[in-house]
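Now for the letters of each chain:
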2 protein chains.
Amino acid sequence: MPKKIGIIERYAEFLPITDKTPIVSLNEGNTPLIISEALPKEFNLDFKVYYKFEGLNPTGSFKDRGMTMAVSKALEEGYKAIMCASTGNTSAAAAAYASRSGLKCFVLIPEGNIAKGKLLQAYRYGAKVIQIKGNFDDALNLVKEITDSHPVKLVNSINPYRIQGQKTAAFEIVDELGKAPDYHLIPVGNAGNITAYWMGYKEYKEHGKNKTLPKMCGFQAAGSAPIVENRIIENPETIATAIRIGNPASWDGAVNARDESGGLIEAVTDEEIKWAYRFIAERDGVFAEPASCASVAGLIKLVKRDYIKPGSTVVCTLTGSGLKDPDIALSFDDEVITVDSNKDKVLDAMNLKL
Amino acid sequence: MPKKIGIIERYAEFLPITDKTPIVSLNEGNTPLIISEALPKEFNLDFKVYYKFEGLNPTGSFKDRGMTMAVSKALEEGYKAIMCASTGNTSAAAAAYASRSGLKCFVLIPEGNIAKGKLLQAYRYGAKVIQIKGNFDDALNLVKEITDSHPVKLVNSINPYRIQGQKTAAFEIVDELGKAPDYHLIPVGNAGNITAYWMGYKEYKEHGKNKTLPKMCGFQAAGSAPIVENRIIENPETIATAIRIGNPASWDGAVNARDESGGLIEAVTDEEIKWAYRFIAERDGVFAEPASCASVAGLIKLVKRDYIKPGSTVVCTLTGSGLKDPDIALSFDDEVITVDSNKDKVLDAMNLKL
């Protein structure tokens, strides 16, 4: 039976590593490709839909794929610390891999408005969190300045090893399906992931693993859709915090993936995202963070205008675990029924109509 | 490359299913066996330690292994609904698999003292949560009464399919190591899991997959240690809520696993659990819920009295994800440093001594 090894060991020949690279791994990757039972039923679809559920990576998001690469290379290059500006998934992944490698990890965040819950992983993995009196751009600029002049490695998404690691998700999909999907739907925030998947599908095709390439379909949140609107968004807003980014680092990569693949990048509203978030949990048993669900919200949009050809295979990336964002999970008006400790009262409350 | 299939498909020949069993799966199992880098260094160990990290199952705990079995069988047997008394991981797993199968899911909880965060998964997966004016035992008794007399299947751990599914974790360990470990350390709450692992190791040995069997070493929380104290604990107390159980359903199974394997069942304090919880996150990059860490706390105890033989292979089960319990994760006095948005101020705060 197969070993559950990390992505660097599994895909070494496709990654920029050497025999001397010390591999810092938490056995990330090899996440499940879960077929949707509910979407085809609900929408009478004549094609297959899979969720690539990246929430089951070690820190609960796809960021682990890139971080195993970034941290392994930082260690190889002799750095003693890593640093990032992040209020969420990147800081969690950076802190976890730093913890394991023995590198120090510094996380810079803008002051105010940061739910401590978003940072709880950074803290628990032992990162040093520093809040600055400035905004996110200020934090990222300080990280760049400091890492330029000190033996501290920047691990934000401009670190090129991140995308190298992330492309392995495309490899896994091809390995599982025995081919590339016809359409790959994916949330777009900083746009590194759509860039990485496209790189992965193309590279794997060069090696003869897949004969075809998917149309890459990216989805931004409507209040945070710089690529769709073709302009930097100064104050991006969306409940999907993991893709609340006004000026994506991999903007060009995303546009290139869209254009080369003949796909699209569109916006979905917070309402559409919330609908998808609830639907896939309540009907398919898959609980993903809101940003993840932009891909499924996008699918519904495409279904409504018959964009997807019958008989196709569609993969939707779900970028992170629903447990990452308990505030949203608890923000619905869930009913709390209280009854006496009595069989008939409980049966009444159950309202069994079987 | 291997497909990431669920445990029923993967281990069909070892499970009580037929060709007619409708498989309800979220591609659970195949969780990583992560080697500890930090424990051997910290304690100068002359043996290998692995974490079997069950927090990377679809709903974030080992319960998914049992629930895929219990729900598949409930569906096969024609039930239209499932039911459990649970305030935590069981309700999350039950709700998720019910969601996927189309079965209704009812979760009974005792009134008061239930953090809504513990139930957020049950809600999001669409279960109906009913609070009763009574305690946990009352809730469980009502579930038994109702499921005895109505077409609703009980999926608490007295459902025998749960243990059948859970035993597959032992299979995976043997498949990965190519042998059974010498010692298997595991948290003990309701005691179904230690029972299941022991069953798994024994069955796999009968099939010639492993030649030896591990010593099963179970660990209860000191304020909730009925098996250690050999008496029912009326009001069990521990921060490790997932093992806060005063009268384990699989008490006999646990004692049997201990005695047949020549192992032990002991108690660890909340302080020891907390230490392990922080250590494995801060030093090995693995973030598990407090109950999980009873196994690692137990290891330290055994190390201190030289219980483990040199050259051994030790596996510690980590039962659930650290994200399951944000309250504990945020209960530490984590430092929030705030500085001006200025390179020198940030560098001061970083206190770089590289």
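Reading the values: rules and limits
Residues numbered from 1 in each chain as written. Chains lettered and ligands numbered in written order. Predicted model: local features only at pLDDT ≥ 70, side-chain atom pairs only at ≥ 80, totals over all residues. Heavy atoms only, no water. 1 Å grid on protein atoms, 1.4 Å probe; cavity = no way out; pocket = protein on both sides within 12 Å on 5 of 7 lines; lining within 4 Å. Points joined across faces, edges and corners; volume = space filled by probe spheres on them. Nonpolar A, V, L, I, M, F, W, Y, C, P; charged D, E, K, R; others polar. Helix = DSSP H or I, 4+ residues; strand = E, 2+ residues; numbered from the N terminus. Salt bridge = Lys/Arg side-chain N within 4 Å of Asp/Glu carboxyl O. Buried < 20%, exposed > 50% of the residue type's maximum accessible area, 1.4 Å probe, protein only. Phe/Tyr/Trp six-rings, centres within 6.5 Å; stacked < 30°, edge-to-face > 60°. Lys NZ or Arg CZ within 6 Å of the ring centre and 35° of its normal. Contact = heavy atoms within 4.5 Å. Buried area = accessible area lost by both parts, 1.4 Å probe. Polar contact = N/O pair within 3.5 Å; in protein donor to acceptor, adjacent residues only side chain to side chain. Pairing = 2+ DSSP bridges. pLDDT = per-residue confidence, 0-100. Right-handed = clockwise from strand over helix to strand, strands pointing away.

Caption draft 1: Highlighting empty space enclosed by the protein. Under the definition given, this model contains 3 cavities of 30 Å³ or more. Lining the largest cavity are 25 residues, with G55, S321 and L323 of chain A together with G55 and S321 of chain B sitting closest to its centre. Considered class by class, the residues forming the lining of the largest cavity number 12 nonpolar, 13 polar and no charged. Approximately 100 Å³ is the volume attributed to the second largest cavity. As for the second largest cavity, its lining consists of G88, N89, G117, K118, L120, Q121, E289, L323, K324 and P326 of chain A together with L323 and P326 of chain B. With 4 residues, the single largest contributor to the lining of the second largest cavity is helix α5 (residues 116-124) of chain A. For the lining of the second largest cavity, the residue count by class is 5 nonpolar, 4 polar and 3 charged.

Caption draft 2: Representation of the pattern of salt bridges within the structure. With the rule as written, the count across this model stands at 38 salt bridges over all chains. Across the salt bridge formed by D259 of chain A and R258 of chain A, the nearest N and O atoms sit 2.8 Å from each other. The class of D259 of chain A is partly exposed, set by a relative accessible area of 48%. Residue E76 of chain B is joined to K73 of chain B by a salt bridge in which the shortest nitrogen-to-oxygen separation is 3.1 Å. Of the two residues, E76 of chain B and K73 of chain B both sit in helix α3 (residues 63-76), 3 residues apart, roughly one turn of that helix. Residue class for E76 of chain B comes out partly exposed when judged on its relative accessible area of 29%. Counted as one network, the salt bridges with shared partners bring together R10, K52, E54, R65 and E172 of chain A.

Caption draft 3: Structural view of the packing of aromatic side chains. Applying the stated criterion across every chain, the model contains 26 aromatic pairs over all chains. Between F43 of chain A and F279 of chain A, the ring centres sit 6.4 Å apart and the planes meet at 55°, which makes this aromatic pair tilted. Of the two residues, F43 of chain A is situated in helix α2 (residues 38-43) and F279 of chain A in helix α12 (residues 270-284); the sequence distance between them amounts to 236 residues. By relative accessible area, F43 of chain A is classed as partly exposed at 25%. For F279 of chain A, a relative accessible area of 6% puts it in the buried group. Judged by centre distance (6.4 Å) and plane angle (35°), the rings of Y197 of chain B and Y201 of chain B are tilted. Here the residue Y197 of chain B and the residue Y201 of chain B both occupy positions in helix α9 (residues 192-206), the gap between them amounting to 4 residues, near one helical turn. Judged on exposure class, the residue Y197 of chain B and its partner Y201 of chain B are both buried. Across from the ring centre of F332 of chain A, 4.6 Å away, lies the NZ or CZ of R278 of chain A, which sits over that ring.

Caption draft 4: A look at unusual backbone geometry. All names here are of chain A. Of note, the phi angle at N30 is positive, near 55°, even though the residue is not glycine. Despite not being glycine, N351 shows a phi value in the positive range, around 50°. Among the structural elements, N351 can be located in the segment after α15 (343-350). Under the relative-accessibility criterion, N351 is labelled partly exposed at 42%.

Caption draft 5: Spotlight on the interface of chain A and chain B. In this assembly, 86 residues from chain A lie in contact with 86 residues from chain B. Carbon and sulfur atoms make up 63% of the surface buried where chain A meets chain B, a total of about 7900 Å² over both sides. Considering only the surface of chain A that becomes buried against chain B, R100, R124 and L323 of chain A emerge as the three largest contributors, covering 11% of it. Taken together, the connections running from chain A to chain B amount to 8 salt bridges. When the shortest N-O distance is used, the salt bridge between D340 of chain A and K133 of chain B registers 3.6 Å. Between chain A and chain B we count 34 residue pairs in polar contact (both at pLDDT 80 or more) in total. Taken together, the residues of the side of chain A that touches chain B sort by class into 43 nonpolar, 18 polar and 25 charged. Two elements, strand β11 (residues 337-340) of chain A and strand β5 (residues 128-133) of chain B, share 4 bridges in a ladder whose sense is parallel. Residue V339 of chain A lies in a different strand from β5 of chain B, and its bridge partner there is I132 of chain B.

Caption draft 6: Spotlight on the pairing of strand β10 (residues 313-318) of chain B. Residue and element names in this part refer to chain B. Burial runs high along β10: 6 of the 6 residues are buried. Going residue by residue along β10, you find T313, V315 and T317 tucked away on one face and V314, C316 and L318 tucked away on the opposite face as well. With 6 bridges joining them, strand β2 (residues 48-53) and β10 adopt parallel strand pairing. Bridge pairing in β10 links Y50 to V315. Judged from the 3 bridges that link them, strand β7 (residues 183-187) and β10 form a sheet pairing that is parallel. From the neighbouring strand, H184 faces β10, where its bridge partner is V315.

Caption draft 7: Fine view of the confidence of the model for chain A. For chain A, the average pLDDT comes to 95, and 98% of its residues sit at 70 or higher. What the predictor reports for the complex is a pTM of 0.96 with an ipTM of 0.95.

Caption draft 8: Highlighting the pairing of strand β3 (residues 81-85) of chain A. Residue and element names in this part refer to chain A. Counting buried residues in β3 gives 5 out of 5 residues, a clear majority hidden from the surface. Along β3, one buried face is formed by A81, M83 and A85 and the opposite face, lined by I82 and C84, is buried too. Relative to strand β4 (residues 104-110), β3 runs parallel, the two being bridged by 5 bridges. Looking at the pairing, A81 lines up with K104 of β4. Handedness of the β-α-β unit built from β3, helix α4 (residues 89-101) and β4 comes out right-handed. Note that β3 and strand β6 (residues 152-154) share 3 bridges and pair parallel. Within β6, the position partnered with I82 by the bridge is K153.

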